[in-house]
Amino acid sequence: MAAAGGGWPAVCDKFRAARTLSAVESLKDPETEPYRSKYSARALLQEVKQLLSAAEEGGEAVLAVRRAVLEYELGVNHTDTEELSAGEEHLQRCTQLLEPHRLSPDCVSLYIQAQNNLGILWSQRDEIETAQTYLESAEALYNQYMKEDGNPPLDPSEHFMAEEEKLTDQERSKRFEKAYTHTLYYLAQVYQHLEMIEKAAQYCHTTLKRQLEYCGYYPVEWARNAATLSQYYLSKECFMEARHCLAAASVIFSQAGQVPSAEDADETEPDQQDLPERKAEIARCWIKYCLNLLQSARKLLEDNIGELDPDRQLELKAQRKKEEDEKEKGRKKAVLFGTSDICDSVLAMEEKVSSVYPLDFQEAREIFLVGQNYVQEAKEFFQVDGYVTDHIEIVQDHSALFKVLAFFEEDYERRCKMHKRRIDMLEPIYADLNPQYYLLICRQLQCELADTYYEMMDLKVAIGNRLEKLDSHTVKKINSLAQFAIKYYELFLDSLRNPDKVFPEKLEEDVLRPAMVAKFHIARLYGKLITSDSKKQLENMQTSLEYYTFLVDYCEKYPDAVPAIETELELSKEMVNLLPASMERLRTKLSSFV
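Residues numbered from 1 in each chain as written. Predicted model: local features only at pLDDT ≥ 70, side-chain atom pairs only at ≥ 80, totals over all residues. Heavy atoms only, no water.

K.L.:
Explain the nonpolar core to me, and be specific about the residues and the numbers.
P.N.:
With 177 residues, the main nonpolar core has F160, W222, W286, Y289, F408 and L507 as its most contacted residues. Ignoring anything within four residues of it in the chain, the contact list for F408 reads L294, A297, R298, L301, L308, P358, L359, D360, F361 and A364. (Core = buried A, V, L, I, M, F, W, Y, C linked by side-chain atoms within 4.5 Å. Buried < 20%, exposed > 50% of the residue type's maximum accessible area, 1.4 Å probe, protein only. Contact = heavy atoms within 4.5 Å.)

Shown next as structure tokens:
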């Protein structure tokens, strides 16, 4: 091909220089001129456009593709400099020039990349459905090309290369697959925006697999995406898949700082300075994994009063033995990430924690200990000084790990000690919080502390019931735990009062159930207080009745509240009927002593 000013090699040199300015030099631009190199690259691309002329060899078809390459580069350049309308025009011209030949090996990769960038551009405009159309079109074109031809197509850059510089088939294939991986990556994000969650997860998983397969990824970004995907699998109770994502995230994260492929050798991964935070985020995902696995096992095993059902336990153990191997074998093929060396590391990571429901204390404890290790790892970065909310959420998860482990413990005394550990970690945090700034967290902690003391009181009562006679120490302990539970429930209820200290006549939906449960538990706690003083006992019964009556009266006034507290309401109605008679008997007994 002929071209003015030094011939075809000079044209190719200008094209290469423009790409280098965009991809490499632009990273060094000062903050005062963030697009300096991009603008210089644009000027060079415009020069190349002027220099292009019809050639004897190749003719109009070759010229059209080269023009399309320049329109594509200019489109990306304008998009990068936030000139979206100009960027769209250039990208549209690119696809128009290629349209008749879009399925040819010379054009297909460029066409898909132009569609990808139009998808990104429309996403930036918040026109997600338009973006979806472009990206799905790119996906369909890739599938059609692979079905009808399948040979490695030319990379767009090859249209400005001498014959001897052209890429190998292997490199062409790698770049084409990378462009398609980008299509899937952007589609995953589009589906997420459109709340097509299942489809988004499926595309995210495929993207992650392909990025490993073709070595086109940043370790930290890849690990973060895999850890995020694990949370989707957790929501579906797919624990084997969730564990695989997290194990892969941990393995790939350990590569941070290494360059994944020669193609990315001139780039550095963003967020390198954030490595400790990213590591702590992955640790938090592991905590959620352990917690969710334990909590799901508890749901399977608990009876109608929330205790472990031994018959169900035996049944599930027998069932697990039968199903486990086949189930894992079949599902594993669908989810495995990476090449054999990565797979080995991932499998070794997976072996550190189970993905099947724990069915007894020993199995639960193993999962608990893994979760607890990740709690310590996460807290190393998310310290209370600087990350108050994150730190408290991690401590709450740690408390929840102890709570669910206690479910599997048969010994009531040891169970009590686990709940005491929860108190010891939550109370100091609550004491340091200012409710003016952290009202929601304060309420969460008030309810959790109250529930924990309530649980401990119930356990102490159960221990006391096994004794021939309640000793004074056990009585004192039961009363003390009940009083602490009442204290924290009352603090929670007080937080709902207005500035004039008046309790709301109608409760907001988000606090309706917690407030009613607090009232119900306080009523029950006053009924559990042990005293030899009959007058005091009568006072406690009166207080108890008042709280039960509140629930009944509230639900009569606001019937729409009933579904939220059906069980508590039924029991409250019973107590409102029974307590007056019991109180009357006690009064009669008291008057006989006067």
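There's more to say after this.
K.L.:
So, helix α5 (residues 108-124): which residues are in play, and what are the values?
P.N.:
Residues that lie three or four places apart on an α-helix share one face, since the helix turns once every 3.6 residues. Relative to the 24 Å expected for 17 residues at 1.5 Å per residue, α5 spans 25 Å between its end C-alpha atoms, a close match to the ideal helical length. In terms of residue burial, α5 counts as a mostly covered element, since 14 of its 17 residues are buried. (Helix = DSSP H or I, 4+ residues; strand = E, 2+ residues; numbered from the N terminus. Expected span 1.5 Å × (residues − 1).)

K.L.:
Can you lay out the packing of helix α18 (residues 472-495) against helix α19 (residues 509-528) for me, pointing to particular residues and giving the numbers?
P.N.:
Where α18 contacts α19, the two axes come as close as 9 Å, and the packing angle between them is 155 degrees. What the angle tells us is that α18 and α19 run roughly antiparallel. Like other packed secondary-structure pairs, α18 and α19 cross with a definite hand, here left-handed. On α19, the residues touching I478, N479, A482, A485, I486, Y489, E490, F492 and L493 of α18 are P514, A515, A518, K519, H521, I522, L525, Y526 and K528. Among the residues making up the contact of α18 with α19, the classes are represented as 13 nonpolar, 2 polar and 3 charged. (Axes fitted to C-alpha atoms, helices over the stretch in contact; angles between N-to-C directions. Parallel < 35°, antiparallel > 145°, perpendicular 65-115°, else oblique. Left-handed = near helix turned anticlockwise from the far one by under 90°. Nonpolar A, V, L, I, M, F, W, Y, C, P; charged D, E, K, R; others polar.)

K.L.:
Quick rundown of the pattern of salt bridges? Include the residues and the values.
P.N.:
Throughout the structure, instances matching the rule amount to 40 salt bridges. The salt bridge partner of E71 is K49, with a shortest N-O separation of 2.9 Å. Residue E71 is located in helix α3 (residues 59-80), and its partner K49 is located in helix α2 (residues 36-51); the two are separated by 22 residues in the primary sequence. Given a relative accessible area of 6%, E71 falls into the buried group. (Salt bridge = Lys/Arg side-chain N within 4 Å of Asp/Glu carboxyl O.)

K.L.:
An account of the environment of K38 is requested, with residue identities and associated values reported.
P.N.:
By the secondary structure assignment, K38 is in helix α2. Given the relative accessible area of 12%, K38 is considered buried. Sequence-distant contacts of K38, defined by excluding residues within four places in its chain, comprise S22, S26, D29, N77, D80 and T81.

K.L.:
Give a detailed account of the side chain of N479, specifying residues and quantitative values.
P.N.:
Checked against the element boundaries, N479 lands in helix α18. Take N479: its relative accessible area is 17%, and that puts it in the buried class. Looking at N479, its side chain comes within polar contact range of the main-chain oxygen of I530, at 2.8 Å. (Polar contact = N/O pair within 3.5 Å; in protein donor to acceptor, adjacent residues only side chain to side chain.)

K.L.:
Which residues make up the environment of R224, and what are the values?
P.N.:
Residue position: R224 is located in helix α9 (residues 219-235). Sequence separation of R224 and L91 is 133 residues, and the distance between their C-alpha atoms is 31 Å. Not counting chain neighbours up to four residues away, the residues in contact with R224 comprise R278 and E281.

K.L.:
Tell me about the environment of A348, and please be specific about residues and values.
P.N.:
The residue A348 is located in helix α13 (residues 340-350) in this model. The class of A348 is partly exposed, set by a relative accessible area of 40%. As a C-alpha pair, A348 and I530 span 182 residues in sequence and 55 Å in three-dimensional space.

K.L.:
So what about the side chain of T81? Which residues, and what values?
P.N.:
Along the chain, T81 turns up in the loop between α3 and α4 (84-98). For T81, a relative accessible area of 5% gives the class buried. Those residues in contact with T81 that lie beyond four places of it in its chain are Y35, K38, Y39 and R42.

K.L.:
So what about unusual backbone geometry? Which residues, and what values?
P.N.:
It is generally the case that most residues other than glycine have a negative phi and that most peptide bonds are trans. Non-glycine residue E82 carries a positive phi angle of around 65 degrees. Assignment of secondary structure puts E82 in the loop between α3 and α4. Classification of E82 by relative accessible area gives exposed; the value is 61%. Even without a glycine there, the phi angle at E237 is positive, about 60 degrees. Note that E237 resides in the loop between α9 and α10 (239-253).

K.L.:
Outline a nonpolar patch on the surface, supporting the account with residue identities and numerical values.
P.N.:
Judged by side-chain polarity, L467, L470 and I530 come together as a nonpolar surface patch covering roughly 210 Å² of accessible area. Relative to the elements of secondary structure, I530 occurs in the loop between α19 and α20 (534-557). (Patch = residues over 30% accessible without salt bridge, like charges linked within 9 Å, V, L, I, M, F, W, Y side chains within 5 Å. Areas by Shrake-Rupley, 256 points an atom, 1.4 Å probe, with all protein chains shown as cover.)

K.L.:
Describe the packing of aromatic side chains, and please don't skip the residues or the numbers.
P.N.:
Scanning the entire structure with this criterion turns up 27 aromatic pairs. With a centroid separation of 5.1 Å and an interplanar angle of 65 degrees, the aromatic rings of Y191 and Y203 are classed as edge-to-face. One end of the pair, Y191, is in helix α7 (residues 169-193); the other, Y203, is in helix α8 (residues 197-213), and 12 residues separate them in sequence. Just as Y191 is buried, Y203 falls in that class too. An aromatic cluster of at least three residues, connected via ring pairs, comprises F239, W286, Y289, Y357 and Y374. Sitting above the plane of the W122 ring, R125 keeps its charged end 4.5 Å from the centroid. (Phe/Tyr/Trp six-rings, centres within 6.5 Å; stacked < 30°, edge-to-face > 60°. Lys NZ or Arg CZ within 6 Å of the ring centre and 35° of its normal.)

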